[in-house]
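The lines below spell out each chain.
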Amino acid sequence: MEGLGMGVLGCADIAWRRTIPAMAAGGARLVAVASRSEDKARRFAGRFACQAVRGYERLLERPDVAAVYIPLPNALHARWTEAALLAGKHVLVEKSFTADTATARRLTELAAARGLLLMENFAFLHHSQHATARRLVLEGAIGTPRQITADFAIPPGTLSALRYRAGLGGGALLENGTYTVRAARLFLGPDPVVAGGMLWRDAADGVDLGGGVLLHDARGVTAHCSFGFAHMYRCAYSVWGSAGRLTLEWAFTPPPAARPVLTLERQDHREEHVLSADDQFANMVRRFVEDTQRPETHRGHAADIERQARLLDAVSVSARIISPATPEDRPWPPSPSCPAPLPATSIRPSPSPAS
């Protein structure tokens, strides 16, 4: 059977919904899924017609697995990436890979020493809408870039969600903020600097529920990145220039069939460009599969991993931490004092510009 033989360490939701379904389209062949729970592994194996393996070590021992995908909680990424590299496997690891600069460098060096690809899974980067946005900016569609804003936040979830567990590497910075920082890097210079930041951290469990960070590059272009778990859903970025503004409203999580809208605003002019649908996960898997056979690309992936880890590390170290004084002050769950939502019958659409 053709295709790069891949194994999956862990039965995460992102693997079930997006990454594994994209493997065949991206040129990979799913061999096995491993879990500490045999029942979970069998559930995945039943849906995706692969082998169920109990225990991550056993999957790494398989000679028919050339590469592994690691969607485990953030705190386990480094441990199992190292184990996979030592077992001779190429590694695709979920973001955030790490916010520890030294760990990132150690593992990229290990991958290089063994001639293996280590790639962090920022699937959104592989959607064609971002190439279109960058091309327009480079062509001067908004003049000279001055400022970037990037936002990714989601409504509150359940207490059992892994993103609320500090011991497993949860928190808004590593879950959502990492997208916004990575998006800002598309338009800033290669090594932006953290000018300041704030994390809203729950004093009880040590998890940051939201925050923001200000970056800048050597030209003085700034990026304001906002993120959190206690917001109306939003995943967008804008590039504001001397002559206009470019915005992508569905920047990070568009489904394969969605046609994103790119907006260009100038002085008295507004354009909406409906872009082509694209499957960012299939594109990402295809890139991973191709680059396992192209050693000359490995250094670029390593540099991306190290730059991202260095930025997240700097945010973690330098950000001002704000903790709610009382449970009622927490942004999550909603406080009883929050106003009730308006009844649907009282909500009226805004008049259109033509009315």
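Predicted model, so just to flag it, every value in this text is computed and none were measured.

K.L.:
Would you mind showing me how to read the environment of serine 318 here?
P.N.:
One can find serine 318 in helix α9 (residues 298-318). The exposure class of serine 318 is partly exposed, given its relative accessible area of 44%. Taking the C-alpha atoms as reference, serine 318 lies 6.9 Å from glycine 197; in sequence the two are 121 residues apart. Here the side chain of serine 318 touches alanine 314 through a polar contact of 2.7 Å, landing on its backbone oxygen.

K.L.:
Before we go on, may I ask you to explain the nonpolar core in this structure?
P.N.:
Nonpolar side chains in soluble globular proteins tend to be buried together. Counting 49 residues, the largest nonpolar core has Phe187, Val213, Leu215, Tyr237, Leu246, Phe252 and Leu262 as the members making the most contacts within it. Ignoring any residue separated from it by four or fewer positions in sequence, one finds tyrosine 237 in contact with His130, Ala133, Thr149, Ala150, Ala183, Leu186, Phe187, Leu246, Thr247, Leu248, Ala251 and Phe252.

K.L.:
Please explain the packing of helix α1 (residues 13-23) against helix α8 (residues 280-292) as it appears in this structure.
P.N.:
Between two packed helices, what matters for the description is the angle formed by their axes and the separation of those axes. Two numbers describe how α1 lies on α8: the axes approach to 8 Å, and their chain directions differ by 60 degrees. Relative to α8, the element α1 is oriented oblique. The crossing of α1 and α8 is right-handed. For the pair formed by α1 and α8, the contact residues are Ile14, Arg18, Thr19, Ala22 and Met23 on the first element and Gln280, Phe281, Ala282, Met284 and Val285 on the second. For the contact of α1 with α8, the residue count by class is seven nonpolar, two polar and one charged.

K.L.:
Explain the sheet that holds strand β4 (residues 67-70) here, please?
P.N.:
Each strand in a sheet pairs with another by means of backbone hydrogen bonds, the pair being arranged parallel or else antiparallel. What the six strands build is an open sheet, ordered β3-β2-β1-β4-β5-β6; its pairing is parallel. In this open sheet, the two strands that pair with only one neighbour each are β3 (51-54) and β6 (118-121). Direction aside, neighbouring strands of the sheet carry axes that sit 25 degrees apart on average. Two strands pair when backbone bridges link them, and strand β5 (residues 90-94) and β6 are joined in this way by four bridges, in the parallel orientation.

K.L.:
Help me understand the confidence of the model for the chain in this model?
P.N.:
In low-pLDDT regions, the fine details of the predicted coordinates are not to be read closely. In this model, the chain carries an average pLDDT of 90, and 90% of its residues clear a pLDDT of 70 or more. Note on residues 334-355: pLDDT under 50 across the span, and two contacts to partners over four residues away in sequence or across chains.

K.L.:
Explanation requested: the side chain of arginine 185 in the structure shown.
P.N.:
Among the structural elements, arginine 185 can be located in the loop between α7 (172-184) and β8 (193-201). Judged by its relative accessible area of 10%, arginine 185 falls in the buried class. Looking at arginine 185, its side chain comes within polar contact range of the side chain of glutamine 308, at 3.0 Å. Dropping the residues within four chain positions of it, arginine 185 is found in contact with Pro192, Asp304, Arg307, Gln308 and Leu311.

K.L.:
Can you walk me through the pairing of strand β7 (residues 145-153) in this structure?
P.N.:
Consecutive residues of a regular strand have side chains that alternate between opposite faces of the sheet. Two elements, β7 and strand β11 (residues 234-241), share eight bridges in a ladder whose sense is antiparallel. Paired with isoleucine 148 across the strands is valine 239, a residue of β11. Pairing of β7 with strand β10 (residues 222-228), which is carried by seven bridges, proceeds in the parallel orientation. Its bridge partner lying in β10, glutamine 147 is registered against threonine 222.

K.L.:
Would you explain the packing of helix α5 (residues 101-113) against α9 in this entry?
P.N.:
For the pair α5 and α9, the least separation of the axes is 8 Å and the interaxial angle reads 170 degrees. Relative to α9, the element α5 is oriented roughly antiparallel. Note on element contacts: α9 touches α5 through Ala302, Ile305, Glu306, Ala309, Arg310 and Asp313, opposite Thr101, Ala104, Arg105 and Thr108.

K.L.:
Even after reading the chapter, I still don't get the sheet that holds strand β14 (residues 269-274), so can you show me in this structure?
P.N.:
Read across the open sheet, the nine strands follow the order β14-β13-β12-β11-β7-β10-β9-β8-β15; overall the sheet is mixed. One side of each edge strand has no neighbouring strand; the edge strands of this open sheet are β14 and β15 (320-322). Taking each pair of neighbouring strands and ignoring which way they run, the sheet shows an average axis angle of 10 degrees. With six bridges connecting them, strand β13 (residues 261-266) and β14 associate as antiparallel partners. Each bridged residue has a counterpart across the sheet, and for glutamate 265 the counterpart in β14 is arginine 270. On top of the sheet, α7 reaches β7, β8, β9 (208-216), β10 and β11; it is set at about 155 degrees to β10, its chief contact. Contacts from α9 reach β8, β9 and β15 within the one sheet, and its direction differs from that of β8 by about 60 degrees.

K.L.:
How should I be thinking about the pattern of salt bridges in this particular structure?
P.N.:
It is possible for side chains of opposite charge to pair when their charged atoms get near one another. Summed over all chains, the structure comprises 20 salt bridges. The salt bridge involving arginine 17 is made with aspartate 13; its shortest N-O contact spans 2.5 Å. Residue arginine 17 and its partner aspartate 13 are located together in helix α1, separated by four residues, close to a single helical turn. Exposure remark for arginine 17: the relative accessible area of 46% places this residue in the partly exposed category. Among the ionic pairs, glutamate 94 bridges to lysine 95, the shortest N-O distance being 3.0 Å. This pair shows no difference in class: glutamate 94 is buried, exactly as lysine 95 is. Overlapping salt bridges bring together Glu38, Arg42 and Arg54 as one network.

Calculation rules
Residues numbered from 1 in each chain as written. Predicted model: local features only at pLDDT ≥ 70, side-chain atom pairs only at ≥ 80, totals over all residues. Heavy atoms only, no water. Helix = DSSP H or I, 4+ residues; strand = E, 2+ residues; numbered from the N terminus. Buried < 20%, exposed > 50% of the residue type's maximum accessible area, 1.4 Å probe, protein only. Polar contact = N/O pair within 3.5 Å; in protein donor to acceptor, adjacent residues only side chain to side chain. Core = buried A, V, L, I, M, F, W, Y, C linked by side-chain atoms within 4.5 Å. Contact = heavy atoms within 4.5 Å. Axes fitted to C-alpha atoms, helices over the stretch in contact; angles between N-to-C directions. Parallel < 35°, antiparallel > 145°, perpendicular 65-115°, else oblique. Left-handed = near helix turned anticlockwise from the far one by under 90°. Nonpolar A, V, L, I, M, F, W, Y, C, P; charged D, E, K, R; others polar. Pairing = 2+ DSSP bridges. pLDDT = per-residue confidence, 0-100. Salt bridge = Lys/Arg side-chain N within 4 Å of Asp/Glu carboxyl O.

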